Amino acid sequence: MVPQSLWGWNLRAMLRREDWDRIRRDAYRRAGYRCRICGGAGPDHPVEADEGWAYDDTRFVQVLKGVIALCPDCHAVRHWGRSMATGKEQHVLRWLAWINGWTYAEARVCADEAMALWHWRSGHTDWTCDIRWVEKVFGVRPVADAMDRAAATQQGLIALARQSRDGEMR
């Protein structure tokens, strides 16, 4: 899961709309408009684009490795924190269990381990974001106000997480 200090640092926020559209549509075409994890497709739209990140936990660098097509359910698993914040936790856990041939309890353990790693990573606020992959593969660069746009997206996501947390406390 993306460390909190990097929430909002995604290609959609950092690139021109037409560049992001070209990149995500390329991912859809490469996958044959099917999910790269389960092979399925969503009911309203077949697939969504998801950035694949690697994390250097020593240098605190998030490195973009590519963009893939996922069905909405697999995408929700990859965005576990958002799924929890939007009340989809049970559905997503059941999907995670089904995809991996696990029990619900095994999926819960996986989610709990991911959350523990997220807490550790989020305890570090000096993360940087490396998107050279998109520059190299597609020849596009971030927009001039990319940092401002990412920060605005981040604030919205933090507000959503707080709202979810506050709702649970009641």
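The residue numbers shown here count from 1 along each chain, following its written sequence. In view of the model being predicted, local features appear only for residues whose pLDDT reaches at least 70, and side-chain atom pairs are presented and counted only at 80 or more, with totals across whole chains, interfaces and linings using the full set of residues. Each side-chain value is derived from all of the structure's non-hydrogen atoms; neither hydrogens nor water enter the calculation.

1. Quick look at the packing of aromatic side chains
We apply this condition: Pairing of aromatic rings covers Phe, Tyr and Trp, the last through its six-membered ring, and needs centres within 6.5 Å; plane angles under 30 degrees mean stacked, over 60 mean edge-to-face, and all others mean tilted. We call a residue buried when its accessible area falls under 20% of the maximum for its residue type, exposed when it is over 50%, and partly exposed in between, using a 1.4 Å probe and counting protein chains only.
Scanning all chains against the criterion turns up six aromatic pairs. Geometrically, the ring pair formed by Trp 133 and Phe 138 is edge-to-face, given 5.7 Å between the ring centres and 65° between the ring planes. Judged by its relative accessible area of 22%, Trp 133 falls in the partly exposed class. Residue Phe 138 is classed as buried on the basis of its relative accessible area, which comes to 14%.

2. What to know about the pairing of strand 1 (residues 48-56)
Look at any regular strand and the pattern is simple: side chains alternate between the two faces of the sheet. Cut-off, in case you're wondering: Under the DSSP-based scheme used, a helix requires at least four consecutive residues in state H or I and a strand at least two consecutive residues in state E, with every element numbered from the N terminus. Pairing between two strands is assigned when DSSP locates at least 2 bridges connecting them.
Judged by how many residues are buried, strand 1 sits mostly within the fold: seven of nine residues are covered. Here nine bridges tie strand 1 to strand 2 (residues 61-70), and the two strands are oriented antiparallel to one another. Following the sheet pairing, Glu 48 is matched in strand 2 by Leu 70. Where strand 1 hands over to strand 2, the hairpin turn is made up of four residues, of which Phe 60 adopts a positive phi near 60°.

3. Thoughts on the pairing of strand 2
Most of strand 2 is tucked away, with eight of its 10 residues classed as buried. For strand 2 and strand 3 (residues 128-130), the ladder comprises three bridges, and the chain directions are parallel. In the strand pairing of strand 3, Val 61 is matched with Thr 128.

4. Focus on unusual backbone geometry
Backbone geometry places Tyr 33, a non-glycine residue, at a positive phi of 60°. Along the chain, the position of Tyr 33 falls in the loop between helix 2 (17-30) and strand 1. The class of Tyr 33 is partly exposed, set by a relative accessible area of 40%. A positive phi angle is found at Phe 60, which is not glycine, with a value near 60°. As for its position among the elements, Phe 60 is in the loop between strand 1 and strand 2. The class of Phe 60 is buried, set by a relative accessible area of 12%.

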